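Spelled out, the chains give:
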Amino acid sequence: DGIHKLRGLILELAVRGKLVAQDPNDEPASELLKRIAKERARLEADGTCRKSKAIPLTHEGARPFPVPTGWLWVRLAEIGHDWGQKTPDADFPYVDVSAIDNVRGLIDTPTVVAAGDAPSRARKIVQRGTVIYSTIRPYLVNITVIDRDLTPSPIASTAFAVIHPLAGLSSRFIFWYLRSPPFVRYVESVQTGIAYPAVNDSQFFSGWFPLPPLAEQHRIVA
């Protein structure tokens, strides 16, 4: 229990920007946010990703903690996109909640499923670099990054919220923040259900996210 608490403390210090030194020469997150918005507009215009829908802000509480100079607080909905959904029409690697090693935050080898045997939840398209977060029983921290190209293209369960980072976002930084005590506390405050708690997409994507400069994201992950 002591080791678990120590790891949580280290992770909380990291995502607050208190574990490594800040570099005043880093490009501020305000410039990064402009590039993120431009990339989203470009991807939506060329059809690479779906046009984003307005996310109802179900959480209007105060920012979880003060951030260093050069950082910004944004909503999770602002930092990434999804790839939409599809009904499987051929064999595919299926990423479901049970495929994740939630201690290491890794997927070992997804099960390849025939299209005819696809579960009804097998719908969400994911790619290398996509972050997925199980919104069902979130206390199990079934969170991972699709860290390699899978062939054929993988499909994930609808039990996951999907974030594919836009320009200037580190998948690994997003992953660590979603596992950090501040985000865990947020989810615990909005989830519903006792025996089978869950958080819906609106609640998830309206959560606050501390956006550091890109170089700082890499330092924190390291």
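Criteria and thresholds
- Residues numbered from 1 in each chain as written.
- Predicted model: local features only at pLDDT ≥ 70, side-chain atom pairs only at ≥ 80, totals over all residues.
- Heavy atoms only, no water.
- Salt bridge = Lys/Arg side-chain N within 4 Å of Asp/Glu carboxyl O.
- Buried < 20%, exposed > 50% of the residue type's maximum accessible area, 1.4 Å probe, protein only.
- Helix = DSSP H or I, 4+ residues; strand = E, 2+ residues; numbered from the N terminus.
- Contact = heavy atoms within 4.5 Å.
- Polar contact = N/O pair within 3.5 Å; in protein donor to acceptor, adjacent residues only side chain to side chain.
- 1 Å grid on protein atoms, 1.4 Å probe; cavity = no way out; pocket = protein on both sides within 12 Å on 5 of 7 lines; lining within 4 Å.
- Points joined across faces, edges and corners; volume = space filled by probe spheres on them.
- Nonpolar A, V, L, I, M, F, W, Y, C, P; charged D, E, K, R; others polar.

J.: I tried to follow the pattern of salt bridges on my own but got confused; where do I start?
T.: The full count for this structure, using the stated rule, is 14 salt bridges. Linking R104 and D101 is a salt bridge whose minimum nitrogen-to-oxygen distance equals 2.7 Å. With a relative accessible area of 23%, D101 lands in the partly exposed category. In this structure, the salt-bridge partner of R219 is E216, at a minimum N-O distance of 2.6 Å. Here R219 and its partner E216 are both found in helix α6 (residues 214-221), 3 residues apart, which amounts to about one turn of the helix. Among the residues examined, R219 registers a relative accessible area of 26% and is labelled partly exposed. One salt-bridge network, in which partners are shared between bridges, spans E12, R16 and R185.

J.: Would you mind going over the environment of N102 with me for this structure?
T.: Position of N102 relative to the elements: it lies in the loop between β4 (100-101) and β5 (106-107). If we ignore the near neighbours within four places in the chain, the residues touching N102 are L140, V141, N142 and R179. Separated by 2.7 Å, the side chain of N102 and the backbone oxygen of L140 make a polar contact.

J.: Help me out: how do you make sense of the side chain of E39 in this one?
T.: Mapped onto the fold, E39 is located in helix α2 (residues 29-45). We classify E39 as buried; its relative accessible area is 18%. Each residue touching E39, except ones within four places of it in the same chain, is listed here: L166 and A167.

J.: Explain the layout of surface pockets here, please?
T.: One simple way to see leftover space: roll a probe sized like a water molecule over the atoms. Its volume calculated, the largest pocket comes out at about 760 Å³. Considering the residues around the largest pocket, the lining is formed by 26 residues, among which H4, R7, G8, L11 and R179 are closest to the centre. Listing elements by their share of the lining of the largest pocket, those giving two or more residues are α1 (2-15), α3 (171-179), α4 (181-190) and α6. Its residues assigned to classes, the lining of the largest pocket shows 18 nonpolar, 4 polar and 4 charged.

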